[in-house]
Amino acid sequence: MRIFQLDPRLQLCADWVRQDAKLADIGTDHAYLPVWLVSMGICPRAVAVDVREGPLERARENVTRYGMADKIRLSLSSGLTDVQPEDADDIIIAGMGGELIAEILHQAPWVRDETKRLILQPMTTAKELRLWLQENGFALIREECVRSEGKIYSVMLVSYAPEKADSFQNQELYPYIGLLTGKTAEEQEYIRKVMHRLSKKLLGCRHRQDEAGAEKIERTLCQLEKMAGMETEES
């Protein structure tokens, strides 16, 4: 049976899975990633996890349709609670908020292992996720933006590496854009969205007469402006 195509967001996540890595896909929904990666011979086996029965049932239908029942284990559970260290070399957590992703990782201390790879795609609160990763010894290996269904997403490749977690040259920009540099149109659009949010925050600082806070945001906006190729928004 011919395998389906992944959308660009999921394809970028899939592209970063290592050859022959056992996979855990958290929040699997339709199990598109596990089915695709096993079908392509990239992953020998996978665990597909979802906390809701409806999405897991759709995942079961796809696993059955593509004859993957002996290679993909389905789990109705929360986060990594039903995943053991030996179950997964690479872990994908995509399509949920950054703070929830951080909480899932916090509840699974075994991911603090330099041999594991985390592929994370936060829908919101990416800043909070980046800060949590850094504070807990995780380093970004790679980060890219992708456009999917008209929206821009950032995908992060992460490993536990305490000696590298604080090695970013610009610590002021790190929480906002991680490893992004504005080298692509997608990255520039992502940076402009960050600037828009910071501009609103700047107005709040000025309204409260928080001069120190306003000065810090203005400095950050100035640096981002050079990457995004636009004027700083102040209103």
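As a reminder, the structure under discussion sits directly above these lines.
Residues numbered from 1 in each chain as written. Predicted model: local features only at pLDDT ≥ 70, side-chain atom pairs only at ≥ 80, totals over all residues. Heavy atoms only, no water.

S.K.: A description of the overall build of the chain should follow, citing residues and the corresponding values.
M.R.: Looking only at helices and strands, the chain features 8 helices and 7 strands. For 235 residues, the compact-globule estimate of 2.2 N^0.38 gives 18 Å, and the chain sits close to it at 19 Å. Intrachain contacts of the chain at a sequence separation of at least 6 include 68% that bridge at least 24 residues. Per element, the accessible surface of the chain, about 11700 Å² overall, is 47% carbon and sulfur. Treating the 31 positive side-chain charges of the chain as one cloud and the 38 negative ones as another, the clouds have centres 2 Å apart. (Helix = DSSP H or I, 4+ residues; strand = E, 2+ residues; numbered from the N terminus. Rg over C-alpha atoms; globule rule 2.2 N^0.38 Å. Contact = heavy atoms within 4.5 Å. Areas by Shrake-Rupley, 256 points an atom, 1.4 Å probe, with all protein chains shown as cover. Lys, Arg positive; Asp, Glu negative; His and termini not counted. Charge placed at Lys NZ, Arg CZ, Asp CG, Glu CD.)

S.K.: Could you give an account of helix 5 (residues 126-135), with specific residues and numbers?
M.R.: All of the buried residues in helix 5 are Ala-126, Leu-129, Arg-130, Trp-132, Leu-133 and Gln-134. Residues of helix 5 that are buried sit in contact with helix 4 (98-106), strand 5 (117-122), strand 6 (138-148), strand 7 (151-160), helix 6 (174-177) and helix 7 (185-207). Where helix 5 ends, the next residue or the one after it, Gly-137, has phi of about 85°, a positive value. (Buried < 20%, exposed > 50% of the residue type's maximum accessible area, 1.4 Å probe, protein only.)

S.K.: Would you mind going over the nonpolar core in detail, with residue names and values included?
M.R.: Among the nonpolar cores identified, the biggest contains 47 residues, and Leu-80, Ile-91, Leu-105 and Leu-133 are the most heavily contacted of them. Looking at this core, the element that brings in the most residues is helix 7, giving 7 residues. Judged by nonpolar contacts, the second largest core, of 33 residues, contains Phe-4, Ala-14, Val-35 and Ala-48. (Core = buried A, V, L, I, M, F, W, Y, C linked by side-chain atoms within 4.5 Å.)

S.K.: I'd like a rundown of the pairing of strand 4 (residues 90-96), residues and numbers included.
M.R.: Put simply, side chains in a regular strand alternate between the two faces of the sheet. Of all 7 residues making up strand 4, 6 are buried, and the element is well covered by its neighbours. Taken together, the 4 bridges between strand 1 (residues 23-26) and strand 4 define a ladder with parallel strand orientation. Residue Leu-23 lies in a different strand from strand 4, and its bridge partner there is Asp-90. Summarising the sheet, strand 4 and strand 5 pair through 6 bridges and their orientation is parallel. When the bridges of strand 5 are listed, Ile-91 appears paired with Leu-118. In this region the chain leaves strand 4, passes through helix 4 and returns to the parallel neighbour strand 5; the handedness of that crossover is right-handed. (Pairing = 2+ DSSP bridges. Right-handed = clockwise from strand over helix to strand, strands pointing away.)

S.K.: Can you tell me about the packing of aromatic side chains, naming the residues and giving the values?
M.R.: All chains considered together, the criterion is met by 4 aromatic pairs. Taking 5.5 Å as the distance between ring centres and 80° as the angle between the ring planes, the aromatic pair formed by Phe-4 and Tyr-66 counts as edge-to-face. Of this pair, Phe-4 sits in the segment before helix 1 (8-15) while Tyr-66 sits in the loop between helix 3 (53-65) and strand 3 (72-76), placing them 62 residues apart in sequence. Centre to centre, the rings of Trp-132 and Phe-138 are 5.7 Å apart; their planes meet at 20°, and the pair counts as stacked. Among the residues examined, Phe-138 registers a relative accessible area of 0% and is labelled buried. Taken together, the ring pairs in this structure connect Phe-4, Tyr-32 and Tyr-66 into an aromatic cluster. Directly above the aromatic system of Tyr-153 lies the positively charged group of Arg-9, at a separation of 5.6 Å from the ring centroid. (Phe/Tyr/Trp six-rings, centres within 6.5 Å; stacked < 30°, edge-to-face > 60°. Lys NZ or Arg CZ within 6 Å of the ring centre and 35° of its normal.)

S.K.: Go over the environment of Gly-67 with me, naming the residues and quoting the values.
M.R.: The topology assignment puts Gly-67 in the loop between helix 3 and strand 3. With relative accessibility at 52%, the residue Gly-67 sits in the exposed group. In the structure, Gly-67 is positioned 86 residues away from Tyr-153 in sequence and 31 Å away in space, judged by C-alpha atoms.

S.K.: Let's hear about the sheet that holds strand 6: which residues, and what values?
M.R.: The 7 strands lie next to each other as 3-2-1-4-5-7-6, forming an open sheet whose pairing is mixed. Strands at the two margins of the open sheet, each flanked by one partner only, are strand 3 and strand 6. Along the sheet, successive strands turn relative to each other by an average axial angle of 15°, direction set aside. In the sheet, strand 5 pairs with strand 7 via 3 bridges, with the strands oriented antiparallel. Each residue of the ladder has a partner; that of Leu-118, found in strand 7, is Val-158. Those strands touched by helix 4 are strand 1, strand 4 and strand 5, and its axis lies near 150° from that of strand 4. Of the strands in this sheet, strand 5, strand 6 and strand 7 touch helix 5, which is tilted by about 5° from strand 7. (Axes fitted to C-alpha atoms, helices over the stretch in contact; angles between N-to-C directions.)

S.K.: Tell me what's going on with the pattern of salt bridges, and back it up with residues and numbers.
M.R.: Counted according to the given criterion, the structure contains 11 salt bridges. Residue Arg-206 is joined to Glu-218 by a salt bridge in which the shortest nitrogen-to-oxygen separation is 2.6 Å. Residue Arg-206 is found in helix 7, and its partner Glu-218 is found in helix 8 (residues 211-228); the two are separated by 12 residues along the sequence. Look at Arg-206 and you get partly exposed, because its relative accessible area is 35%. Glu-218 gets classed as partly exposed once you look at its relative accessible area, which sits at 35%. (Salt bridge = Lys/Arg side-chain N within 4 Å of Asp/Glu carboxyl O.)

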